[in-house]
Each structure stands twice: as C-alpha cells, then as structure tokens.
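The residues making up each chain are set out below.
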Amino acid sequence: MDNSKKNPQISKKNRTSINQTVEFSPEIDRFIKARQQGTRQWILAHLFHKSNKYFIFIVLMTTILSANLSSASLVVLGMTISELMEGNDSNLIFYVIIILILGVSAPILRLFNFLVRETLAQRLERDVRKEFFTNLLGKSQSFHDKQKIGEVMARATDDVRMLNFMVSPALSLIIESFTSLIIPLIYIALFFPPQLLLAPLIFIILFLFALRSYIRKITPVTGILRFSFGRMNATLTETLNGIEVVKSSTQELAEMKKYVDKAMNYRNAYIKQGHIQAKYLPLLFFALSVTLGLTHAIYLYYQGVLNIGQIIAYVGLVSLLRFPTFISIFVFAIIRLAVTGAQRLLDFMNQETEIDENLEGIEKIIEGNIKFENVSFSYSKRSKPILKNLSFEVKAGQTIAIVGTTGSGKTTLTKLISRLYDVDEGKILVDNLDIRNYALESLRSQISYIEQDVFLFSTSVFENITFGRTSSMDDVEMVAKEAQAHGFISKLPNGYYSEVGERGVQLSGGERQRIAIARAFLSDPRILILDDSTSAIDSATEDKIQKAIRNILKNRTTILITHRLSQIRWADLIIVLKRGEIVAKGTHEELLKTSEEYRKIFVKKFDVDLDYLLKKCEEEL
Amino acid sequence: MWAGLEAEEYDRKYKDKYLVNRIVSYFRPYRREMSIVIFFLTLSAFTYAAIPIIISIAVTNLAINREPIFLVLIIISIFSLNFLAWIFNYFRQRFTAMVVGDIVLDLRRDANKAVLNHDLSFFDRNPIGKIVSRMNTDSRDFGQTVDLTMQVISSFFIMAILLIVMCFINLFLAMIFMISIPLFFIVALLFRKIARHKTLLGQRALASVNAYVKESFSGIQIAKTFRQESKLYEKFNEVNNQSYNVNLRKGYVLFTIFPVLSVIMGVLLTLIVYFGGIYVSGGQISVGELYLFLQSLQMLFFPLLVIAAFWPQLQAGLAASERIFALIDTPPAVIQNNDIKPEKFKGKIEFRNLTFQYEDQKGVFDNFSLTIQPGESLAIVGHTGAGKSSLAKLLARFYEFQGGDILIDGKSIRDFDLSEYRKQIGIIPQIPFLWSGTIKSNISYGFNNATRDDINEALNQTGGYGWVEELSKGLITKVGERGNLLSMGQRQLVVFARTLLENPSILILDEATASVDPFTETRIQDALEKTIKGRTSIIIAHRLWTVRHVDRIIVLDHGKIVEQGNHDELMAKGGKYAELYNTYFRHQSLEYIEKMKEKKLA
C-alpha cells in the first residue's frame, strides 16, 4: 500500500474511467461484471479468480487420488484374502506393506488437500470482505444513511464467513462425495464382472431422488427453527431491557407467557425437524443396496465367477457409498447458506447510489448565500412527502435556527443542501446558482456537518481533530481553544494523545461535540450545519458549548437544528417546521407576535406574559 | 466457541453427582418416552452389530455349505436386519427429538421464571446479553448434547457387542483393537489443547475486524465529509489481513486431526490384515471371521471419530447445563414478610432510619428519615451520587434495603404483596423504555382491556393528543426497538400516558436530562403538571420549571437531607440550594437566555 497516499488522485481517475457512481475505489474492481450477472456467477468468479483456480484444481486432484487409494486398498485386501483362501500366504508381507502404504498415504494426501482447501477458503473470505468493505466505502452518504450498522456488520462478518465454509469444508466435501460415488464404481467396473454395477447404480438413482425430496422437506423446517430461535432471543432481550417497566407494571406473568410461547414454537419446529431427520431414507437405501450387492456377489460366487476375497472387496467398495450418503445433508445446508449469504452481500453491493454527478460542474469558492425555492421532497415516489413547498433565504454569514418536533423534516432539509438527496420539485440555490450546477466535490467540501451524536474514531484526540486535514499541534491547540475543548483535553491522561472511543476515554456528549467543532474549525467550511441537540446538565458546560458555537458560526453561514432556547432567541432567522411545512418564519420578536405555539414555549416555561417578553426584545434595540 | 469464558458472578460449581441428579430430574417427567428411546436404542444397536456377524458367518460357510435354503436364509436375515435397524433408529430419533424438545422448553421456562423474579441488582451485575445467551443458546447446546450422547451410547453398544464377539474369535486380534482406543483419545485430547488456543486467537482477530467495520461505517459520514475513505481502507486491510493470517493458522491446526486419526486407522488395518492373514493361513480363524474384524474396524472408527470430534462439545453441554442451573438457583433478593393486598393508598410515605448500600459498595443511606404527606409533590435535588435515584428505586422495591424501614400509610412495604403494591406505584424512568409495538400498545401495556377511549383520555390528560396526530399513523404508529423512532421527549409523553392510565397513588419520576425540542418540552410540562396533581409525587428534578412548581424541595448530599423548603425560600436563604441552582439550573433561566446576546456582541 505504498501508493496509498496518492489515493485521492487515483480514485478520481478511476471514477471517470471505470464507474462514475463510485465515490472511492483504491484499485481496479475486477468483479463489477460478475456482481451484476448474479450470485452464482459472482461466487464462481471468485473461485476462479487468479491463482484460486489452481487451488481448486489441486483440491480436485488430491481428492480423486485419495479416493483411488481407498478403493485400491480394498481391491488389494480382496486379493490378499483370495490368496489366503487358496492357502497361499507367501505374498502376505508384500500385500500388507501395500495396504500400509495406501492406508498411511491416503491420510497424508488428505492432509495436504485440507491445507490447500483451507488456504483457499481463508483467501476467499479475506478477498470478499475486502471487496465488500471497499464497495461500501464507495457508496454515497445517502446509501449509508439508510443502513443499520448491525446489518452491515452481520454481512461483513457472518455472510462473508459463509463463503469460507462453502469452500472449507463444503466444496471439498462435494468433490469428495462425488468421487466417492464414482471411483468405487470405476473400480468395480475394472476389477469385477460389470453386472455387479447393478446394486450401486440402483442405489445412486434412488439416493439422488430421496435426497432431493428430503432437502425439500427439511429446508422450510430449518428455516422456521432458525427464525423462531431469533424471535425467542429478540423477545427475551426486549423483556430484559424493559425489566423496570415489567416490574413496575407487574407484567412478569404476561412477559413469561410471551417468552414461553416463542420457546414453544421453537420446540415444535425442533421436534418436526427431528421427525424429518429420522425419516432420512437414503440410509435405508444404502443398507438395502449393500444387501442386494452381497446377494448378487454370492450368486456370482455360486456361478464360479467370483471368489470369496472378491466378495469381501466388493462389499467393501459398495460400503464406501456410506460417506456421501451421510455427508450430503450437511453439504447442501452449507451451500444454501453460502448462496444466501452471497445474495445478501450482492444486495448491498449492487445498490445504485443515486447521485447524479455533474462532471462539468462548476468549481468555485462560495460565499454562503442559501435560497430554497418551493422545495418539495420525499424519500421515494410512493411515500408521503417529507418536505412541502419550502421557500426561504439565508444571507451569507447569517445564522438560521430550525425548530420542530421529530419527524417534522429538520434533518432532511439540511441533507438536501449538500445533495445527499436531490429535491423532487423546486430548487436550492447557493450564491444564486442551482446546487446541481456545482461539481459535487466542490460543493460538499465547503459544507460541514456536525451531527447530533458526534462520532469519534477510536484513535487519539489529536487524530480525531486532524481527521480531515493534517495539521501541526499548534494549529490543533488553537482550534481546540476556539472550540472550548482545550481545557478538558489537557486534563485527559495523555492530553491530545489520549485514546477516545470504545476502548479509550469516555467523553460526554458535550465534550464530543466540542471536538467535532474543533474538527470543523480546521476544515473551515463556508456553510456549517450543526445538529445541536446535545444536552448540558450543568451551567458551566452550557456556557462552554454556547461559547464554542458562537465562535464557530462567526464568518460563515450556519444552519442550526437546535433545542437551545438561547440559540433560537438570537438567530437571524427562525424557521418553525411542522410535518414538512414552514408554519412560522421570522425573528424571535416576530414569532412571539405571530405564532401561538412559539409564544407558548416562553410564556409557559418561564411563567411570564407576552408583554414582558416583547419588552425584553425592545430593550435590546 | 470459547470466547467470553470468564466466570460470571452467579456461577457456582456443582458436584458432578448433584449435576447428574439435577439433569436426571428434568428427564423424570418423560420417563415413558425415555424408556421407549432406550428400548429402541438397544434394539438398533443389536441389529447393527448383528449384520457384520451374519455376513461373517455367511462368508465362513460359503465354501462349505451350498444349500440354497441357507443362502436364502442369510439374505433374508440381512435384509430384514437392515430394514429393522432403520425402523428402530427411526423411532429412537423421533422420540429423542420429542424428549429433547420438551426438556429444553422446561429448562427455558424455569430459567425465565427465575430471571424475572430477580430484583434489579441482579440485572446491574449481569449483562442482558449474557443472560439471554445462557437461557437460549446454552439450553440449545444442552439439548444437542443429549442428542449426541444418545448416538454415542448407541455406538458404544455396537462396539461392545462386536468386541465381545471378537474376543471369542481371537483374543490377540481383539487386543490390538482395544489398545488403539485410548490412542485415539490421547491424540484427540492433545489436539484439543492446541486447537482451543488457536480458535481463541482466530476469534479475537475476527472480532477486531468486526469492530473495525462497525467503527468505519459508524463514522462514514465524517470520512465522506472530509474525503478520507483511504484512511479507513488502509486500516481495514491491516486488520483483515491479520485475521486472514491468524485464522489460516487456526484452520491448519484444526484440520490436521482427522488425517492423523486416519493414519492410526491405516496402521490398525495393516496390523489386522497381517496378523489375521497369519491366523487364517494357520487355520486358527476363518476368512469370514477376519472379515468381521475388518468390518468392525470401519464401525469402530466412526463412533470413535464422533466421540473424539465432539468431546469438547460434550463437555460444553455439561458446562451449559451447569450454567443454566446456576441461573435458576440464584436466590432472588427481595424480602417479603407478608402478602397484604392493599386498598388504594392514601399516599403517606415515611422513610424511617433507613440504611442502604449497593452490594460491596459504600453506603448510600445511613439512618435516613423523611416523611412525605399524601398528595404532596416533592423534588429531590443534589449532585450525582447523592442518593437521589436510590431513594426512588428503594420505594419501587427494585432493591432491598439493609436497615430501618419504609412505611406507606403506616405499613412496612415489605408486608405488601409485591405485585399489588407495585400496581399502586407509578414510575417514570429517566430514559423512557418503549416496547417495539405501536404507541397504542405501549400506552396500554399491562392494561389489555383498555379501550381506545381510555387511551385517548390518558393522552388528553398528558396535555394533548396533537403530537400523536402529527405522526404518520397516529396512535398506531410503530415506535421501533426501544422506541427509537420517536424522540426522547415523545417517548416520555407516551410513558406519562401509560402512567396516567395506571392511575397510581404514588408517582416516582426521574426527570430526563436529555435535550428535548422546545415544543415537546412544553407538552411535557403540561403532562407533568396534570400527572402530579392529587397524588404523592417524588421527582428527581433536573428542570428549573419543576423545582419552581413543587410543594417542597429537599436537597440531598451524601445520603443526608441538608436543606428543605420551596424554591423561593431556599434561594433567599442562599445556602446549598442556591449553590446547586447556580450549577444546574441557572442556564435554564430566562435571564440567562436574554443575556446571551450581550455576550455575543462582546
């Protein structure tokens, strides 16, 4: 990865030459076509990718060879016994040595086979996971907004792992089953009268039919079993999470019944599965084929065609069919899981990201004037509109506060500005130019977003602040001071080099927010969107947060989604959103006069009347 | 498989004998089914063992006996033995599945009952994920072990029968057989040690990949905003390659065991052929008998492989049962002296010389006394750790106190029937918990016969129905897991409505510290105002509005009341409360908000 520092350039070049909708691709993606062709093609493309095909070839050859060794060992055994029957034990040592060589070399060959197979399986897992990760990195933010992190994780680990299991052991077991079905037959054909093929051939035909019907029956039941286990887990987890509520509403019995119901469903599915497994017919067919084979062989013995040693060897060869009979059930289950897993991976990877990049777009430094003209938006054609006919203007350098309850469309509104989504109707202008005319990169690089739950990477504070822009310690300290973060950072055990996040120092919401503000200071965007829903339970923290926000909104256009009355009180423009519509708009004073709901916030909270509030406003002037 | 093996607090070591007795007691209700299982298990073992013996007799006699009747007899008996074996096995498996299914269900039911009866200190100590996995996954593993044990026992039966027959045929050859058995186990156990270590490493490596994927996509927005995808990509490659290397090594080790066991078998085969060959040519044994040895080798190898491969799983199954029993056996800590079913409380609460501490921790209350009059609203303020929420939790009987007493309407709370008592106490926790259902189902939780009117009435009382109507589907809007599709404030309104529907005599409210949008905040104030009216209310206050509206404020410090009175009195006094006001409530005042502009200009 020596060239990784040049990545931005590489990625840009790739974007134009390979796939225009990918935001990031560090190297040439070899599986684009296969992914679009379908699950099977994609899996095959991976299996035969580069040197992988040689691995498969080796696995195939060694399996065939070791199946030959087992069969040959039985033939030699037959010969030994035949000669012993004739009272000839002069070759005994010779035969025993051959049996020993065969008996020991088969496992050694198998070991080699396992190692190669395992390497292939692990490589596949590694490569698919890398492909998946890289692909997701290249997806647009609108894609990521829709994903639950747990889902992504489940796919990146469990589903990818299924592909590993598909190779080790499933793939080699298939080859092995297949060879153990075929090789004994070949040996029978070579060393025995051909009519002895009758019993094993009948078996194979019956086996394939019975197996198919078994799989058809068991598949839905295992599905139900897995599903009901999941439900049982989910129910119990929820009950225990809400244990305080359960206890205070004395619902223990009802909750227990809920759980036992789910456990009962699991039990029923389990028993049903047991019944179907007990009825696994191929085992019966196998036993009967051995009987048939034996009868046939004895018949031929009476005819004088076979000797006793051959009977024993023949029965031994037919008995080799036991392995595929047993193993097939598991193999099919694993393959099915792998294909489902691959499908789930492709579901993600094949999703188009709907940004419509304007390659000839304008690149320029913006002032920060934002204008919404009759903007309407919904997430999909069928769903209800989230935003309805919005119009307002923010002058460059102004601060606007958006207020409204959850679901009123506040966050969606801000996402439209950086084109995480495109408007359905109307338009958004930045510096009097439709945002769709800008080059996406140019537009986005001048807009920063500080989200409600600030995310910090589990690295040092320093690296978190400089995430977007490599800077010196002096610069970092300076922005941290502006963001009112220097104080608490210097008190951390290792100062700016303290680890944060899951494994490191636990920071409060207010502290994380101030680190994010410092990060934004460094990147110095023209437009800042700040989802400020951080709560401060003590006044000192509140003072700091207020000061940090005041510093960052200087000299740039700022859109605040805020719960803080002081921010609302002093914003240049306040927009009250309700169900996607602007129900009130103006300054604090204007809203006190025009909006009943807005007035109630202050009147009710502070037990004062309107006149008093208006008087306060006038005092300011 | 071996991750997270560290012992938990409610773990106890059972004596093996006790453990076995305990397991057996779960089988007791299914005696009839179990005897059927054992019956068929024995039968199928005998038939399976008989087949190679019959074939061996056939082979031995082929050369001598050419009677067609003999042949037909042999064929028919092999045919019917095979058929019967399958039938017997069918019944065994069928009944085993039934017994295992039922026992696992019983285990789960018992564990669930035990867990739900614990007080909250149990849940403080034990992470929910672990409890869930004990109840569901461990019981499933236990069930699998039972199933597996059946198969192993059946294989042992077959082996034992064959070994006895072999001993009669030729003691020396039988001895070669028996010597190999411990060898199998030694190899398998040796392997287990190494495999265990490697598996653990492999899991850790995978876990770090998992953690990194989580981190990357949690922070994807920042990476995208700053165009730093390559940073994530490089680090990912590092952990992914590490996982590859470690897991590859793990795979190498794990898959070596089967070839090694096969080598043992290959050597064994050679020995049998060699010595058997000598005996055959010496005339001590017949070819048919040699055949029996060779066949037995195949039959021996299979169960040994099963046992060797599943030995860890067998042990894990035993350990799993031990863990579930430990869960069931942990005694609940709530003390109940009597089961008086109270009339509607008037609501007088008296804490009398109360002593309380969380387990193994510093005392929270020592000789604490406080009396609250019926219908009074009381706010508790104080720094973190002053004992504010402990007081509320003790009253809710979520924890047990060690000394003194809590009396309601003059009676000790330990004398009341727990569930009747809790029905009269309404609790609104700081972080509201909603069930993943609709708003309606959450409000009516615990009141299955609540009508739509009741629900509307409850909502109306919390200060309005309006916000629910603003949602896409009104009352039947889905709230998501833990209610996360609603905002904190909205969740709180739902909990208020639920509490009002319950109509408790005593209300305990831990005010939220999370920030709430101003419109919802106004509604919460309305709801609070209506909810505390006419009932004894204890509020752990974080809101300026609340402290200004309650009848009495007590200031708690290290489990002691240091000041009490109403807001204005206490502010005038200029003591501890005034100090707390400056720390926690000042920024919520109108003066503060109005002053911000000056600072902005400055």
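Residues numbered from 1 in each chain as written. Chains lettered and ligands numbered in written order. Predicted model: local features only at pLDDT ≥ 70, side-chain atom pairs only at ≥ 80, totals over all residues. Heavy atoms only, no water.

1. A look at the overall build of chain A
Next up, step 1: Regarding its fold elements, chain A presents 24 helices and 10 strands.
Next up, step 2: Considered along the principal axes of its C-alpha atoms, chain A spans approximately 125 × 65 × 50 Å.
Next up, step 3: By the burial criterion, 57% of the 621 residues in chain A qualify as buried.
Next up, step 4: Across chain A, the fraction of contacts at a sequence separation of at least 24, relative to all contacts at a separation of at least 6, is 75%.
Next up, step 5: About 26800 Å² of surface is accessible on chain A, with carbon and sulfur atoms providing 56% of the total.
Next up, step 6: For chain A, the centre of its 75 positive side-chain charges and the centre of its 65 negative side-chain charges are spaced 6 Å apart. (Helix = DSSP H or I, 4+ residues; strand = E, 2+ residues; numbered from the N terminus. Buried < 20%, exposed > 50% of the residue type's maximum accessible area, 1.4 Å probe, protein only. Contact = heavy atoms within 4.5 Å. Areas by Shrake-Rupley, 256 points an atom, 1.4 Å probe, with all protein chains shown as cover. Lys, Arg positive; Asp, Glu negative; His and termini not counted. Charge placed at Lys NZ, Arg CZ, Asp CG, Glu CD.)

2. Focus on the overall build of chain B
Next up, step 1: For chain B, the helix and strand inventory stands at 21 helices and 10 strands.
Next up, step 2: Computed over its C-alpha atoms, the radius of gyration of chain B comes to 36 Å, more than 25% above the 25 Å expected for a compact globule of 602 residues.
Next up, step 3: In terms of its C-alpha atoms, chain B occupies a principal-axis envelope of roughly 120 × 65 × 50 Å.
Next up, step 4: Within chain B, the proportion of its 602 residues that are buried is 57%.
Next up, step 5: By sequence separation, contacts in chain B at least 24 residues apart represent 78% of the contacts at least 6 residues apart. (Rg over C-alpha atoms; globule rule 2.2 N^0.38 Å.)

3. A few points about the packing of aromatic side chains
Residues and elements named next belong to chain B.
Next up, step 1: By the definition in use, this model includes 46 aromatic pairs over all chains.
Next up, step 2: With centroids separated by 5.7 Å and ring planes inclined at 25 degrees, the aromatic side chains of Tyr 26 and Phe 325 adopt a geometry described as stacked. A residue pair is termed long-range when its members are at least 10 positions apart, and Tyr 26 in helix 1 (residues 16-27) and Phe 325 in helix 10 (residues 287-329) qualify at 299 residues. Accessibility assignment for this pair places Tyr 26 and Phe 325 in one class, buried.
Next up, step 3: For the ring pair Phe 122 and Phe 123, a centre distance of 5.4 Å and an interplane angle of 85 degrees mean the geometry is edge-to-face. (Phe/Tyr/Trp six-rings, centres within 6.5 Å; stacked < 30°, edge-to-face > 60°.)

4. Re the nonpolar core
Next up, step 1: In this structure, Ile 188, Phe 192, Leu 196, Ile 311 and Tyr 314 of chain A together with Phe 177 and Leu 294 of chain B are the most contacted members of the largest nonpolar core, which totals 106 residues.
Next up, step 2: Excluding residues that lie within four positions of it along the chain, Ile 188 of chain A makes contacts with Leu 196, Leu 197, Pro 200, Tyr 314, Leu 317 and Val 318 of chain A.
Next up, step 3: The next biggest cluster of nonpolar side chains, apart from the first, holds 81 residues, and it includes Met 256 of chain A together with Leu 19, Ile 23 and Phe 122 of chain B. (Core = buried A, V, L, I, M, F, W, Y, C linked by side-chain atoms within 4.5 Å.)

5. Digging into the sheet that holds strand 7 (residues 527-532) of chain A
Whenever strands of a sheet pair, they do so through backbone hydrogen bonds, lying parallel or antiparallel.
All names here are of chain A.
Next up, step 1: If you trace the six strands from one edge of the open sheet to the other, you get 6-7-8-3-9-10, paired in mixed fashion. The sheet is open, and its two edges are formed by strand 6 (447-450) and strand 10 (581-586), each paired on a single side. The sheet shows a mean angle of 15 degrees between the axes of neighbouring strands, direction not considered.
Next up, step 2: Relative to strand 10, strand 9 (residues 573-578) runs antiparallel, the two being bridged by five bridges. For Ile 575, the partnering residue across the bridge sits in strand 10 and is Lys 585.
Next up, step 3: Running over the sheet, helix 14 (residues 410-417) touches strand 3 (399-403), strand 6, strand 7, strand 8 (557-562) and strand 9 and is turned about 160 degrees from strand 8. (Pairing = 2+ DSSP bridges. Axes fitted to C-alpha atoms, helices over the stretch in contact; angles between N-to-C directions.)

6. Quick notes on the domain arrangement of chain B
Accessible area lost on assembly of the parts is the figure often given for the size of an interface.
Residue and element names in this part refer to chain B.
Next up, step 1: Taken domain by domain, chain B consists of domain 1 (11-169 + 311-332), domain 2 (171-284) and domain 3 (349-601).
Next up, step 2: Once you take the C-alpha centre of each, domain 1 and domain 2 turn out to be 26 Å apart.
Next up, step 3: Every contact between the two is made by eight residues of domain 1 and, on the other side, seven residues of domain 2.
Next up, step 4: Counting every contact that joins domain 1 to domain 2 gives zero salt bridges.
Next up, step 5: Counting every contact that joins domain 1 to domain 2 gives zero residue pairs in polar contact (both at pLDDT 80 or more).
Next up, step 6: Those elements giving two or more residues to the side of domain 1 that touches domain 2 turn out to be helix 5 (128-169) and helix 10.
Next up, step 7: Ranked by residue count, the leading element in the side of domain 1 that touches domain 2 is helix 5, at five residues. (Domains from an automatic or database assignment. Salt bridge = Lys/Arg side-chain N within 4 Å of Asp/Glu carboxyl O. Polar contact = N/O pair within 3.5 Å; in protein donor to acceptor, adjacent residues only side chain to side chain.)

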